[in-house]
Amino acid sequence: MPNNADSGELEDFVAQMIPQDDPVWPRSQDYIDRIPAEHQKFAANKTTRAQVYAWLATREDPRQMGLAIMTGDLKTDGILAQAFVHWLNRLFGDPPA
């Protein structure tokens, strides 16, 4: 995870950027969770990845995670996202004004 403390993958980070009040996110999770294990084509530890991509597929113009950030589908004002941006700025220097 971007905070170098929690375990997880990029999709675990992105899942935290999905707006809390998004009505589709719980449905995307439920959709993936209801796929019987014998029909899942993803490993059990990749469930969040499948859920995030199911959610991304419901966007007006389904897109990749990075583009979903740029269009505002994913929120960057959360604590984890802001901490990540702060770390990037410290690492690479603040962007020019």
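Each remark here, short or long, concerns the structure printed above.
So, how was this worked out
Residues numbered from 1 in each chain as written. Predicted model: local features only at pLDDT ≥ 70, side-chain atom pairs only at ≥ 80, totals over all residues. Heavy atoms only, no water. Helix = DSSP H or I, 4+ residues; strand = E, 2+ residues; numbered from the N terminus. Polar contact = N/O pair within 3.5 Å; in protein donor to acceptor, adjacent residues only side chain to side chain. Buried < 20%, exposed > 50% of the residue type's maximum accessible area, 1.4 Å probe, protein only. Contact = heavy atoms within 4.5 Å. Core = buried A, V, L, I, M, F, W, Y, C linked by side-chain atoms within 4.5 Å. Arc of directions from axis to C-beta.

Asks: Tell me what's going on with the environment of D22, and back it up with residues and numbers.
Replies: You can see D22 is positioned in the loop between α1 (10–15) and α2 (24–33). As a C-alpha pair, D22 and R59 span 37 residues in sequence and 11 Å in three-dimensional space. At a separation of 3.1 Å, a polar atom in the side chain of D22 contacts the side chain of W55.

Asks: Quick rundown of the side chain of Q51? Include the residues and the values.
Replies: As for its placement among the helices and strands, Q51 is situated in helix α3 (residues 47–56). The exposure class of Q51 is buried, given its relative accessible area of 7%. Of the polar contacts made by the side chain of Q51, one reaches the side chain of D33; its length is 3.0 Å. If we skip the residues at most four places from it in the chain, Q51 touches W25, S28, Q29, I32 and D33.

Asks: Tell me about the nonpolar core, and please be specific about residues and values.
Replies: If you look at the biggest cluster of nonpolar residues, it comprises 14 residues, and the most contacted ones within it are W25, V52, W55, L56 and L74. Listed by contribution, the elements that provide at least two residues to this core are α1, α3, α4 (65–70) and α5 (79–92). Setting aside its immediate chain neighbours within four residues, V52 contacts E11, V14, A15, W25 and M65.

Asks: Break down α2 for me, with residues and values.
Replies: Where α2 is concerned, the buried positions are W25, S28 and I32. Projection of α2 onto a plane perpendicular to its axis shows the buried side chains occupying an angular sector of 60 degrees, all on one side. Exposed side of α2, more than 90 degrees from the buried face: R27 and Y31 are the residues found there. Buried residues belonging to α2 abut α1 and α3.

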